[in-house]
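Given next are the chains, with one letter for each unit.
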Amino acid sequence: RNIIAGCVALIVIVGAVAIRKMAVCPVQRLLAFGLCFFLVTYAVFQIWSLIAYRRLPEKRPCVVLVLGCRVNGWDPSRTLAGRLDAAAEILSDNPDAVCVVSGGKGDNELQAEGDVMKRYLTERGIDPSRIYAETRSYSTEENIKYSFALLEAEGLSELPVVVVSSSYHITRAQLLCVLENRRIDVSGYGSMGEGPFVWVSDTVREYMALWKTAVLAAYRAVGGTA
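Source: prediction; values computed, not measured.

How do you make sense of the overall build of the protein chain when you look at a structure like this?
When helices and strands are counted, the protein chain shows 7 helices and 7 strands. Each helix and strand of the protein chain, ordered N terminal to C terminal, gives the series α-α-β-β-β-α-β-α-β-α-β-α-β-α. Considering only contacts in the protein chain between residues 6 or more positions apart, those separated by 24 or more positions represent 73%. A total of about 12,000 Å² of accessible surface is found on the protein chain, and carbon and sulfur atoms cover 60% of it.

What follows is the structure, encoded as C-alpha cells:
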C-alpha cells in the first residue's frame, strides 16, 4: 500500500511539473511526455505486481512451476524461500498438483538452485515424488524453456501451469510461457520481496525486462528472426 501511494503521489507531483514545462520547447515537451509515460506505466506495473496474483488457483491437476533465484550455500535466499513458501501453499492445498523447481548452479553457488528448492519443499512436507528438479537454466528464459522440455519428457505438457515467482516477475514469466507454448493454460501466484528498497530496484529492472520481452515478441510475431 505504501508503495502504491508513493507511486501515485510521484505521478501527481512530476506530472504537474511536466505539464507546466510542456509548452516551453519541443525537447522539453518530449521529455515531459516520456517521463509521464514511464511513471504511469511503471505505477500500473507496480499495482499489478502487488495485487494481481495472491489468489490460490483452483484445485485441479496442474504443474506448479517455481522459478529459481540465488541460493546461499545449501539454503535458499530470502527471495527464493518466499517463492517456495508460496508454492508450498498451492501444493498443500491441491494434492493433484505436481511441481517443477527450476534453476541451475551459478559460479558462486555450491549447489544447483533446483536441488536446493526440491530439498526445501520436501523438508516442508511435500512428497518428493511430486517434485521435478530442472537444474540447467541460468535465466528466466531458460527456466521456462528447460522446464517445458522436462514436462514434455515426463508426459505432463498438457497440464495447466501455475507460475510461482516474486510478484513483480509473474507477468513476464507468463508471457514467456505463452511464447514457449501458445496453447498452454498459464496463471500466476506471486510472493513478496525482501523489503521496499529491494522491491523498487527489482521492479525497475523487471519493468525494463518486460518491455524488452514484449518488443522482441512483437518483432518475432511480424516475421523477425532476432
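Read on, since the account is not over.
When you look at the sheet that holds strand β1 (residues 62-67) in this model, what are you seeing that I'm missing?
Hydrogen bonds between backbone groups are what pair the strands of a sheet, and the pairing can be parallel or antiparallel. The sheet built from 5 strands is open, its strands ordered β5-β4-β1-β6-β7 with parallel pairing. Strands with a single pairing partner mark the edges of an open sheet, and in this sheet they are β5 (131-134) and β7 (186-191). The average angle at which neighbouring strand axes cross in this sheet is 20 degrees, direction not considered. Pairing of β1 with strand β4 (residues 97-102), which is carried by 6 bridges, proceeds in the parallel orientation.

It is not clear to me how helix α3 (residues 78-93) should be interpreted in this structure. Could you clarify?
Helical geometry: 3.6 residues make up each α-helical turn, so side chains three or four residues apart lie on a common side. Between its first and last C-alpha, α3 extends 23 Å over 16 residues, near the 22 Å set by a 1.5 Å rise per residue. Every buried residue of α3 is listed here: Thr 79, Leu 80, Ala 81, Arg 83, Leu 84, Ala 86, Ala 87, Ala 88, Ile 90 and Leu 91.

Where do I start with the nonpolar core in this structure?
Burial of nonpolar side chains together is a common tendency in soluble globular proteins. Val 64, Val 66, Leu 84, Cys 99, Val 101, Leu 121 and Val 164 are the most contacted members of the largest nonpolar core, which has 24 residues in total. Sorting the residues of this core by element identifies β1, α3, β4, α4 (113-123) and β6 (161-166) as the ones contributing at least two each. The element best represented in this core is α3, accounting for 8 residues. Those residues in contact with Val 164, other than ones at most four positions away along the chain, are Val 64, Leu 65, Val 66, Leu 67, Arg 83, Ala 86, Ala 87, Ile 90, Ile 170 and Tyr 189. Among the nonpolar cores identified, the runner-up in size contains 18 residues, and Val 98, Leu 156, Val 163 and Val 186 belong to it.

Help me understand the packing of α3 against α4 in this model?
Describing two packed helices takes the angle between their axes plus the distance from one axis to the other. Following both chains from N to C, one finds α3 and α4 inclined at 50 degrees, their axes separated by 10 Å at the closest point. By the angle between their axes, α3 is oblique relative to α4. In terms of crossing hand, the pair formed by α3 and α4 is right-handed. Residues Leu 80, Ala 81, Leu 84, Asp 85, Ala 88 and Leu 91 of α3 pack against Met 117, Tyr 120 and Leu 121 of α4. A per-class count over the contact of α3 with α4 returns 8 nonpolar, no polar and 1 charged.

Calculation rules
The written sequence of each chain sets the order in which its residues are numbered from 1. Local features in this predicted model are restricted to residues whose pLDDT is 70 or higher, and side-chain atom pairs enter the listing and the counts only when it is 80 or higher, whereas totals over whole chains, interfaces and linings include all residues. Hydrogen atoms and water are omitted, and side-chain values are computed over all heavy atoms in the structure. A run of H or I in DSSP counts as a helix once it spans at least four residues, and a run of E counts as a strand once it spans at least two, with each numbered from the N terminus. The criterion used for residue contact is that any of the two residues' heavy atoms lie within 4.5 Å. The protein chains shown are the only cover counted for residues, whose accessible areas, like all others here, come from Shrake-Rupley with a 1.4 Å probe. Should DSSP find at least two bridges between two strands, the strands are regarded as paired. Fitted lines through C-alpha atoms give the axes, limited to the stretch in contact for helices. The angle between two N-to-C directions lies from 0 to 180 degrees. By this rule, a helix spans an expected 1.5 Å times one less than how many residues it contains. Burial status follows relative accessibility: with a 1.4 Å probe on protein chains alone, a residue under 20% of its type maximum counts as buried, one over 50% as exposed, and anything between as partly exposed. We define a nonpolar core as any set of buried Ala, Val, Leu, Ile, Met, Phe, Trp, Tyr and Cys residues linked to one another through side-chain atoms lying within 4.5 Å. The scheme is simple: roughly parallel for angles under 35 degrees, roughly antiparallel for over 145, roughly perpendicular for 65 to 115, oblique for anything else. For a crossing to be left-handed, the near helix must be turned anticlockwise from the far one by less than a right angle; the clockwise case is right-handed. The residue classification treats Ala, Val, Leu, Ile, Met, Phe, Trp, Tyr, Cys and Pro as nonpolar and Asp, Glu, Lys and Arg as charged. All others, Gly included, are polar.

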